[in-house]
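Residue-level structural notes
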Amino acid sequence: MEYRRMGKSGLQLSVLSYGSWVTFHKQIDDTIADELMGIAYDYGVNFFDNAEVYARGESERLMGRVLKKKNWDRTSYTVSSKAYFGSRGPENKPNQTGLSRKHLVEACHEALQRLQVEYLDIYFCHRPDKNVPIEEVVWTMNHLIQQGKILYWGTSEWSGVEIMEAHRAAADYRLIGPVVEQPQYNLLERQKLEKEYLMIFKTVGMGTTIWSPLASGLLTGKYNDGIPEGSRLGLEGFEWLKDQWMMEDKLAKVRELTSFAQELGMSLATLSIAWTIKNPNVTTAILGATRKEQLLENLKALEVAEKLTPDVLQRIDEIIQTKPLLPAY
Ligand SMILES: NC(=O)c1ccc[n+]([C@@H]2O[C@H](COP(=O)([O-])OP(=O)(O)OC[C@H]3O[C@@H](n4cnc5c(N)ncnc54)[C@H](OP(=O)(O)O)[C@@H]3O)[C@@H](O)[C@H]2O)c1
């Protein structure tokens, strides 16, 4: 395993990590989660990602049960949660969502209980909240750090401007600003990481824990000829995700990329994950997996990354045609 420093912070994260969105509770139970987290940990994965909203808190409860049973040295891994969407679904009342001091503190307490840990290594604001002053968010996160309930704080899917506003507020009060962002990043979604955040990487510095490296599975090629039984894009309640990804123009590119990966003697899944970690601004790519075979395959991305030479990367860009245009200056 390779470990990367999370931005300018001192935290070291494994370049491949493991998350629980969609999968924990909905698709996999305690036995499989135990097996998959065990495989990941044995491979050197030291970051497990979660959020209050995943399966309305059940994903954190499941991960908490596994962590308790594994009884790994708490200093050997990191675990996160994220607050914003709430954990009560349609029952969420006004103060049970968002980034107010009340919700950030209460969601943190709930996450600690569900995960059965004493502190979160990373606590994310799962989305920006225009109804809360940024000073309130920054002060609350610093308060939680002072209390030892969280160690680092970050953002997820914030704009570059919003992230810099948080840094401005933190600088005004000499507080700790966000040190990590969790954006989507994959071959089909590159704008934020490769364009919008470039200046932030250079100035204040920022780690990234990128999500959906396989575009929910599309970038494995498994959807090239339709939706296989039991796969994410066929799940009830995830029609919005299917509509987002099952588009002919995207599928056509993925089919061409599948052939290219075959030519190179690697799977499209490993090529796609390896491609994300070739970007030095990626601290860790969070993997998702419902089966042992998937996780074992995806972890091979580390070796595959070495085979992605500049020529190969250029050919990938020609096929996928998603590279953002950067200003010439
Ligand atoms: N901050 C945010 O807003 C946000 C949003 C989304 C995710 N995340 C985080 O990022 C993590 C990863 O995201 P993701 O789950 O969307 O990642 P992903 O890698 O894009 O998709 C993972 C899914 O693809 C399928 N898959 C994976 N490997 C495969 C393989 N080798 N062959 C065939 N199918 C394969 C599996 O689904 P099936 O078996 O069901 O097909 C698996 O659950 C999440 O768990 C979560 O922690 C964060």
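Going by the structure above, here's the rest.
Reading guide: rules and limits
Residues numbered from 1 in each chain as written. Predicted model: local features only at pLDDT ≥ 70, side-chain atom pairs only at ≥ 80, totals over all residues. Heavy atoms only, no water. Helix = DSSP H or I, 4+ residues; strand = E, 2+ residues; numbered from the N terminus. Rg over C-alpha atoms; globule rule 2.2 N^0.38 Å. Buried < 20%, exposed > 50% of the residue type's maximum accessible area, 1.4 Å probe, protein only. Near = heavy atom within 4 Å. Polar contact = N/O pair within 3.5 Å; in protein donor to acceptor, adjacent residues only side chain to side chain. Areas by Shrake-Rupley, 256 points an atom, 1.4 Å probe, with all protein chains shown as cover. Nonpolar A, V, L, I, M, F, W, Y, C, P; charged D, E, K, R; others polar. Pairing = 2+ DSSP bridges. Contact = heavy atoms within 4.5 Å. Axes fitted to C-alpha atoms, helices over the stretch in contact; angles between N-to-C directions. Right-handed = clockwise from strand over helix to strand, strands pointing away. Core = buried A, V, L, I, M, F, W, Y, C linked by side-chain atoms within 4.5 Å. Salt bridge = Lys/Arg side-chain N within 4 Å of Asp/Glu carboxyl O. Phe/Tyr/Trp six-rings, centres within 6.5 Å; stacked < 30°, edge-to-face > 60°. Lys NZ or Arg CZ within 6 Å of the ring centre and 35° of its normal.

So, on to the overall build of the protein. Helix and strand counts for the protein stand at 13 helices and ten strands. Relative to the compact-globule value of 20 Å for 329 residues, the protein shows a C-alpha radius of gyration of 19 Å, a close match. Based on the C-alpha atoms only, the size of the protein along its principal axes is roughly 55 × 55 × 35 Å. Residues classed as buried in the protein amount to 55% of the 329 residues present.

In the neighbourhood of the ligand, 33 residues make up the surrounding shell, with D49, S212, K222, R232 and T290 lying closest. For the ligand, an oxygen atom lies 2.8 Å from a polar atom in the backbone of S216. Alone, the ligand offers 910 Å² of accessible surface; in the complex the protein occludes 96% of this. Those elements that place two or more of their residues in the shell around the ligand are β10 (284-287) and α11 (292-299). Element by element, the count of residues in the shell around the ligand is highest for α11, at three residues. Along the lines of polarity and charge, the residues of the shell around the ligand split into eleven nonpolar, 16 polar and six charged.

Read around the closed barrel, the eight strands follow the order β3-β4-β5-β6-β7-β8-β9-β10; overall the barrel is parallel. Relative to β10, strand β3 (residues 16-19) is paired through three bridges, and the arrangement is parallel. What sits directly across from S17, in β10, is I286. The strands that helix α10 (residues 268-277) touches are β3, β9 (207-210) and β10; relative to β10, the one it contacts most, it runs at about 150 degrees.

Along strand β5 (residues 78-83), six of the six residues are buried, which leaves the element largely enclosed by surrounding structure. Across the two faces of β5 the burial is the same, with T78, S80 and K82 and V79, S81 and A83 all buried. Regarding topology, helix α2 (residues 58-70) serves as the crossover connection from strand β4 (residues 47-49) to the parallel β5, and that connection is right-handed. Where β5 lies against strand β6 (residues 120-125), four bridges are found, and the strand directions are parallel. Note that in β6 the partner of S81 across the bridge is Y123.

With that out of the way, let us pick up the pairing of strand β7 (residues 150-155). A regular strand places its side chains on the two faces of the sheet in alternate fashion. As judged from the five bridges shared by β6 and β7, these two strands associate in the parallel manner. Looking at β7, one finds that F124 is bridged to G154. Each parallel crossover has a hand, and the one from β6 via helix α4 (residues 134-146) to β7 is right-handed. Bridge analysis of β7 against strand β8 (residues 180-181) gives two bridges, and the strand direction is parallel. Counterpart to G154 in the pairing with β8 is V180.

Unusually for a residue other than glycine, Q116 sits at a positive phi of about 55 degrees. Non-glycine residue S216 carries a positive phi angle of around 60 degrees. Assignment of secondary structure puts S216 in the loop between β9 and α8 (239-245). Take S216: its relative accessible area is 10%, and that puts it in the buried class.

Our next topic: the nonpolar core. If you look at the biggest cluster of nonpolar residues, it comprises 94 residues, and the most contacted ones within it are Y18, F48 and Y123. Of all hydrophobic cores here, the second largest spans nine residues; its members include M6, I122, V180 and I286.

Per the stated rule, a full pass over the model turns up 22 salt bridges. Across the pair R168 and E135 runs a salt bridge whose closest N-O atoms are separated by 3.2 Å. Taken together, the residues R168 in helix α5 (residues 160-173) and E135 in helix α4 connect sequence positions 33 residues apart. Close ionic contact of K323 with D317 constitutes a salt bridge, the shortest N to O distance being 3.9 Å. A relative accessible area of 55% places K323 in the exposed class.

Taken as a whole and assessed by the stated rule, the structure comprises 13 aromatic pairs. With centroids separated by 6.5 Å and ring planes inclined at 75 degrees, the aromatic side chains of W21 and W211 adopt a geometry described as edge-to-face. A residue pair is termed long-range when its members are at least 10 positions apart, and W21 in the loop between β3 and α1 (30-42) and W211 in the loop between β9 and α8 qualify at 190 residues. Geometrically, the ring pair formed by F48 and W72 is stacked, given 5.8 Å between the ring centres and 15 degrees between the ring planes. Of this pair, F48 sits in strand β4 while W72 is found in the loop between α2 and β5, placing the two residues 24 residues apart along the sequence. The class for W72 is buried, based on a relative accessible area of 15%. Over the aromatic face of Y119 sits the side chain of R74, whose NZ or CZ is 4.1 Å from the ring centroid.

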